[in-house]
Amino acid sequence: MRLVGPGGEQVGVVRVEDALRLAEEAGLDLVEVAPDARPPVCKLMDYGKFKYESAMKARDARRNQANTQLKEVQFRPKIDQHDYATKMGHVERFLKGGDKVKCVVRFRGREQSRPELGIRLLQRVAEEIGDLGTVESHPRQDGRQMVMVLAPTRKKAEVKSDQRRRREEARASRRAEKNAAKAASGAEAPSTEA
């Protein structure tokens, strides 16, 4: 078998008995890393430590992974200004959170004969989001509704890491304030002299 040392250095082609003896002397495990190679490749390593480190890497990858969701906000062609402002607040919050937004304009009755109202409304939404997002799919009629999808400019993983960093900074500042308050109350305590 071809043997690789604990530091990644090539030991060379050795017999199985010699590799086992070297592993025992070093206090390490002999792990087969490429069984299909000719000759098979084995490595001297601490297998428990290797499994622990790979589990920690997988955990960190899962924690940093962020699944972008598709949020839906519904409009009507004759929407009131205050309702529109509320819906735009939701759109902005979703985009800042790193999620995609599906803007839907629902038509009822005779409104279906005026699709330009929906196009105008969705274009207004796209203009007002500014730097927060981009139009991923332009407005298109789909039966009684018109759909447009907006994508955030920042990735959800970036948003989550920023939020985590801000939480850690806030905790650290609260801890520092608490310690300062303790120190100040300890210094002001009246001394009992006899």
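The rules behind the values
Residues numbered from 1 in each chain as written. Predicted model: local features only at pLDDT ≥ 70, side-chain atom pairs only at ≥ 80, totals over all residues. Heavy atoms only, no water. Helix = DSSP H or I, 4+ residues; strand = E, 2+ residues; numbered from the N terminus. Rg over C-alpha atoms; globule rule 2.2 N^0.38 Å. Buried < 20%, exposed > 50% of the residue type's maximum accessible area, 1.4 Å probe, protein only. Contact = heavy atoms within 4.5 Å. Areas by Shrake-Rupley, 256 points an atom, 1.4 Å probe, with all protein chains shown as cover. Lys, Arg positive; Asp, Glu negative; His and termini not counted. Charge placed at Lys NZ, Arg CZ, Asp CG, Glu CD. Pairing = 2+ DSSP bridges. Axes fitted to C-alpha atoms, helices over the stretch in contact; angles between N-to-C directions.

Caption draft 1: Focus on the overall build of the protein. When helices and strands are tallied, the protein shows five helices and eight strands. Mapped in sequence order, the helices and strands of the protein form the string β-β-α-β-β-α-β-α-β-α-β-β-α. The globule rule puts the C-alpha radius of gyration for 194 residues at 16 Å, and the 31 Å found for the protein is more than 25% above it. For the C-alpha atoms alone, the extent of the protein along its principal axes is close to 85 × 85 × 25 Å. Per-residue burial for the protein yields a buried fraction of 24% across its 194 residues. Taking the intrachain contacts of the protein between residues at least 6 apart in sequence as the baseline, contacts between residues at least 24 apart amount to 56%. Carbon and sulfur atoms provide 49% of the accessible area of the protein, an area that totals close to 13600 Å². Taking the average place of the 40 positive charges on the side chains of the protein and the average place of its 30 negative ones, the gap between the two points comes to 8 Å.

Caption draft 2: A look at the sheet that holds strand β8 (residues 145-152). Taking strand neighbours across the sheet as the criterion, the four strands line up as β5-β6-β8-β7 in an open arrangement whose pairing is mixed. Only two strands of the sheet have a single neighbouring strand rather than two, namely β5 (70-75) and β7 (133-142). Direction aside, the axes of adjacent strands within the sheet are offset by 20° on average. With six bridges connecting them, β5 and strand β6 (residues 100-106) associate as parallel partners. For Leu70, the partnering residue across the bridge sits in β6 and is Lys100.

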